[in-house]
Amino acid sequence: MNKLKCYLNGAIIPEETAQLGLNDLALLRGFGIFDYFVFERFQPRFLEDYLDRFYRSAKCLGLVSPIERENLKQGIHQLIAANEQPSGGIRLVLTGGYTPDGYAPTVGNLFVLQSPFPGPPPIQFERGARVATYQYQRELPEIKSLNYLIGIHLLPWLKEQEAEYILYHDGKYIRESDRSNFFLITEDDVLVTAKDKVLAGITRAKILALARKIGMKVEEREVSLAEWKEAKEAFLTSSTKGALPVSFIDGKAIGKGEPGTHTKALQAAFLALVAEEQEK
Ligand SMILES: *Cc1c(COP(=O)(O)O)cnc(C)c1O
């Protein structure tokens, strides 16, 4: 594997020489945001949607980007070209910046890292993913912040549950997974997903639009915890997963305990949309 370059505050440099000072609030307090998308044939997928969310997250948190959107966009294209890999993942990170007193934010540091495409293992698409529920509400859920304290802390717990992903709920309502949005399909074929207190996933929005287009009934609303037990199908969405079927929640089978037909249809529609995007 040849060594990758990264982008740091406007410059494209070898990743191994990139440096940030230790006094950055992202390191001292975990204060910062990021975003993540994939690219194929050197083309970022749904780039404008991700940039919208990235700058929206920054604004919500009160972060100051050292780089304007158009310049960042150019930098992303330059980075992908410089690394000479046709496909992969791109991570944008904006930190709280170097702090004078260990607490107050300043102008942030902005960097972009490229990595090989890290989709879920194919077996998860074949048999469906296993999910374990956990009571937790993400702080400032509309922001894609750097804080994954609970999700990462729970990795050993998740393994004990023989599950691959967490499903957060607040004791009453289902929210989302640690890095994905959650959908279920009711007995009477309605596609349901949480509307509030979740991250506005780009894949979530695409899937909702596709479902409406193919004539599915869609409800964005509070999803009660009891509902998954009655669901016919369930799936997770994220940039790296598309629509990943969920076959078991807390060890209980969803439907027949295998990927459902609506989920497969939505995943196919999503892949078709992605292919269409590439042709543009
Ligand atoms: C990134 C993320 C998602 C998925 O968003 P996409 O834009 O579809 O990748 C959902 N929930 C959380 C908490 C996330 O961090």
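Note that the structure is predicted; figures quoted are calculated from it, not measured.

Calculation rules
Residues numbered from 1 in each chain as written. Predicted model: local features only at pLDDT ≥ 70, side-chain atom pairs only at ≥ 80, totals over all residues. Heavy atoms only, no water. Helix = DSSP H or I, 4+ residues; strand = E, 2+ residues; numbered from the N terminus. Expected span 1.5 Å × (residues − 1). Buried < 20%, exposed > 50% of the residue type's maximum accessible area, 1.4 Å probe, protein only. Contact = heavy atoms within 4.5 Å. Near = heavy atom within 4 Å. Polar contact = N/O pair within 3.5 Å; in protein donor to acceptor, adjacent residues only side chain to side chain. Areas by Shrake-Rupley, 256 points an atom, 1.4 Å probe, with all protein chains shown as cover. Nonpolar A, V, L, I, M, F, W, Y, C, P; charged D, E, K, R; others polar. Core = buried A, V, L, I, M, F, W, Y, C linked by side-chain atoms within 4.5 Å. Domains from an automatic or database assignment. Salt bridge = Lys/Arg side-chain N within 4 Å of Asp/Glu carboxyl O. Axes fitted to C-alpha atoms, helices over the stretch in contact; angles between N-to-C directions. Parallel < 35°, antiparallel > 145°, perpendicular 65-115°, else oblique. Left-handed = near helix turned anticlockwise from the far one by under 90°.

Draft legend 1. Here's a closer look at helix 2 (residues 47-61). The end-to-end C-alpha distance of helix 2, which contains 15 residues, comes to 21 Å, matching closely the 21 Å that a straight helix rising 1.5 Å per residue would cover. Looking only at helix 2, the buried set comprises Leu47, Tyr50, Leu51, Arg53, Phe54, Tyr55, Ser57, Ala58 and Leu61. Packed against the buried residues of helix 2 are strand 3 (32-40), strand 4 (43-44), helix 3 (69-83), strand 5 (88-95), strand 6 (110-115) and helix 7 (202-213). Just past helix 2, the residue Gly62 takes up positive phi, approximately 80°.

Draft legend 2. Quick look at the site of the ligand. Around the ligand, the surrounding shell holds 16 residues, and the nearest of these are Arg53, Lys144, Tyr148, Thr203 and Ser239. Here Arg53 contributes a side-chain N or O atom positioned 2.7 Å from an oxygen atom of the ligand. Glu176 is positioned with one of its side-chain polar atoms (N or O) 2.9 Å from a nitrogen atom of the ligand. The fraction of the free accessible surface of the ligand (380 Å²) that becomes covered by protein chains is 97%. Of all elements in the fold, only helix 2 and helix 7 reach the threshold of two or more residues within the shell around the ligand. A per-class count over the shell around the ligand returns four nonpolar, six polar and six charged.

Draft legend 3. Highlighting the nonpolar core. Counting 41 residues, the largest nonpolar core has Leu72, Leu92, Leu110 and Leu191 as the members making the most contacts within it. Of all the elements in the fold, those that place two or more residues in this core are strand 3, helix 2, helix 3, strand 5, strand 6, strand 10 (181-185), helix 7 and helix 9 (261-279). When residues in this core are grouped by element, the largest group, seven residues, is from helix 2. Two domains share this core, each providing at least three of its residues, namely domain 1 (5-115) and domain 2 (122-278). Not counting residues up to four positions away in its chain, the partners in contact with Leu110 are Tyr7, Leu8, Asn9, Phe54, Tyr55, Ser65, Pro66, Ile67, Leu72, Val93 and Leu94. Core analysis: the next-biggest nonpolar cluster, separate from the first, contains 19 residues, Tyr165, Phe182, Ala234 and Leu244 among them.

Draft legend 4. Structural context of the pattern of salt bridges. Applying the stated criterion to the full structure yields 19 salt bridges. Among the salt bridges present, the one from Arg45 reaches Glu40, with a minimum N-O distance of 2.4 Å. For Arg221, the salt bridge identified is with Glu219, shortest N-O distance 2.7 Å. On the basis of relative accessible area, Glu219 is assigned to the partly exposed category, the value being 24%. Bridged by salt links that share partners, the residues Glu48, Asp52, Arg69 and Lys73 form one connected network.

Draft legend 5. Just the packing of helix 2 against helix 3, in detail. Two elements in contact, helix 2 and helix 3, have axes separated by 12 Å at closest approach and are oriented at 130°. If you check the angle between helix 2 and helix 3, you find them oblique. In this structure, helix 2 meets helix 3 at a crossing whose hand is right-handed. For the pair formed by helix 2 and helix 3, the contact residues are Leu47, Glu48, Leu51, Asp52, Phe54 and Tyr55 on the first element and Arg69, Leu72, Lys73, Ile76 and His77 on the second. Broken down by class, the residue content of the contact of helix 2 with helix 3 amounts to six nonpolar, one polar and four charged.

Draft legend 6. Up close: the packing of helix 7 against helix 9. Where helix 7 contacts helix 9, the axes come no closer than 10 Å and their chain directions differ by 110°. Judged by the angle between their axes, helix 7 and helix 9 are roughly perpendicular. Contact with helix 7, carried on its side by Thr203, Lys206, Ile207, Leu210 and Ala211, involves Leu266, Ala269, Phe270 and Leu273 of helix 9 and no other residues of that element. Taken together, the residues of the contact of helix 7 with helix 9 sort by class into seven nonpolar, one polar and one charged.

By themselves, these are just geometric observations and shouldn't be taken as functional.
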